[in-house]
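# Examination of the molecular architecture
These are the residues of each chain, in order.
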Amino acid sequence: MLHNMIKQYETLRAHSHPVERAWNMGCDQIGLSHNDPWRAFGLMFAQHPDLQHSDLAYHNHFHSAEAVLSAAHLAALEFGDNSVYAPVLMFAMLCHDIAHTGKTNTYDYELETQAVAAMRAFIDPEMAEFWRLHLESQHGTLKNLLNTVETIVLGTDFKNGPKLNRNNYRLNAQNNPLHQLCMLANEADILPSIILESGVPRGHWVAEETNTPAVGSWKGRVFFLSQLAVCESQASKTLGLQEHIDAQVAAIGALGADFLDTNNVDNGWENSVERVRQQMNTPLKRLKV
């Protein structure tokens, strides 16, 4: 499945409207019919300017599209088909990085709070009325949806969210779907960055956006994988994400200190990725894919 997801990410980046394409692909993935009102509601929100185009190197419309599609895959594995929770997770990923500045938080939940405010501001009377007429009877009030999405989006704060969500998931996930949704959102946010072949260029884009070249080095990737990439859900276990992370960290370390300091933007990242892949000695086909 990971190999197929790389291809799907590439498809999104070649599409003229990647977020809308991701939303429809995700709706297919979670088993929504073509006339399900969730499809139309998500496409309405996908008209947000930041989801149409963003000049940021990483936190742009392509990242939002990939997060939505990743959420759909994870939700399908976690909840099964036709779950009432899956589209909520997808919608949260639509919202999670709008109004992004390309900077890091200067205080806890700064960018996430901005995303929530932008989400609420974009819900116009037409969208609210559409929800009331077509979705409220089955999915509750729009107010409840937005409050749930706010909790999920705030939980994507990298400093505070993943570890808290992991602990909540371990303690009570099966009895609290919100804890599942928060953990899955963290995983969907970084899933393309976890996978070796798609993750390395995304590390470069983060380095460019934040003007921190070290993030694009292999040492930076090891830090991301070992310290920031939290995977706890049953869906991530089904995908074998932690095994894929551990194999990368071990392989990169085995290639030595000189390799760790390499910035692959300058040296051709495809060749370096192949060296890591060979060192891993674990082709994608041998992972849970």
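Just above, that's the structure.
Residues numbered from 1 in each chain as written. Predicted model: local features only at pLDDT ≥ 70, side-chain atom pairs only at ≥ 80, totals over all residues. Heavy atoms only, no water.

## Structural notes on the packing of helix α13 (residues 196-210) against helix α19 (residues 269-280)
To characterise two packed helices, one gives the angle between the axes of the helices and the distance between these axes. Orientation of α13 relative to α19, taken along the N-to-C sense of each, is 140 degrees, at an axis distance of 10 Å. In this view, α13 runs oblique relative to α19, as classed from their interaxial angle. At the point where α13 passes α19, the crossing takes the right-handed sense. Mapping the contact onto sequence places Leu-196, Glu-197, Val-200, Pro-201 and His-204 in α13 and Trp-269, Val-273, Val-276, Arg-277 and Met-280 in α19. Its residues placed into classes, the contact of α13 with α19 shows seven nonpolar, one polar and two charged. (Axes fitted to C-alpha atoms, helices over the stretch in contact; angles between N-to-C directions. Helix = DSSP H or I, 4+ residues; strand = E, 2+ residues; numbered from the N terminus. Parallel < 35°, antiparallel > 145°, perpendicular 65-115°, else oblique. Left-handed = near helix turned anticlockwise from the far one by under 90°. Contact = heavy atoms within 4.5 Å. Nonpolar A, V, L, I, M, F, W, Y, C, P; charged D, E, K, R; others polar.)

## Observations regarding the state of the cysteines
Applying the stated rule across the entire model yields zero disulfides. Between Cys-95, a free cysteine, and Cys-27, which holds the nearest cysteine sulfur, the sulfur-to-sulfur gap is 14 Å. Cysteine Cys-182 remains unbridged, with the sulfur of Cys-95 as its closest cysteine sulfur at 14 Å. Take Cys-182: its relative accessible area is 6%, and that puts it in the buried class. (Disulfide = S-S within 2.5 Å. Buried < 20%, exposed > 50% of the residue type's maximum accessible area, 1.4 Å probe, protein only.)

## Description of helix α1 (residues 2-13)
Across its twelve residues, α1 extends 17 Å between first and last C-alpha, which sits within 8% of the 16 Å expected from 1.5 Å per residue. The set of residues buried in α1 consists of Leu-2, Met-5, Ile-6, Tyr-9 and Leu-12. Seen end-on, α1 carries its buried residues on one side only, within an arc spanning 120 degrees. The secondary structure elements touched by the buried residues of α1 are α2 (18-29), α5 (61-79), α12 (177-194), α13, α15 (234-239) and α16 (241-254). (Expected span 1.5 Å × (residues − 1). Arc of directions from axis to C-beta.)

## What to know about the layout of surface pockets
The space that makes up the largest pocket amounts to roughly 1000 Å³. Considering the residues around the largest pocket, the lining is formed by 46 residues, among which His-59, Phe-158, Val-206, Phe-224 and Leu-228 are closest to the centre. If you list the elements that add at least two residues to the lining of the largest pocket, you get α7 (110-122), α11 (161-172), α12, α13 and α14 (218-228). Of all the elements, α13 adds the most residues to the lining of the largest pocket, at eight residues. Of the residues that constitute the lining of the largest pocket, the class distribution is 15 nonpolar, 20 polar and eleven charged. Volume-wise, the second largest pocket comes out at about 200 Å³. Taken together, Trp-38, Val-84, Tyr-85, Val-88, Trp-131, Gln-138, His-139, Asn-144, Leu-145, Thr-148 and Leu-181 form the lining of the second largest pocket. Counting residues per element, the lining of the second largest pocket draws most heavily on helix α10 (residues 142-154), which supplies three residues. (1 Å grid on protein atoms, 1.4 Å probe; cavity = no way out; pocket = protein on both sides within 12 Å on 5 of 7 lines; lining within 4 Å. Points joined across faces, edges and corners; volume = space filled by probe spheres on them.)

## Looking at the packing of α12 against α14
At a closest axis distance of 12 Å, the pairing of α12 and α14 adopts a crossing angle of 145 degrees. Read as a crossing pair, α12 and α14 show a hand that is left-handed. Side by side, α12 and α14 meet where Ile-190, Ser-193 and Ile-194 of the first sit next to Arg-221, Phe-224, Leu-225 and Leu-228 of the second. Its residues assigned to classes, the contact of α12 with α14 comprises five nonpolar, one polar and one charged.

## Considering empty space enclosed by the protein
Under the criterion given, the structure shown has one cavity of 30 Å³ or more. Its boundaries defined by the atoms lining it, the largest cavity holds a volume of some 40 Å³. At three residues, the largest contribution of residues to the lining of the largest cavity is made by α12. Taken together, the residues of the lining of the largest cavity break down into five nonpolar, one polar and one charged.

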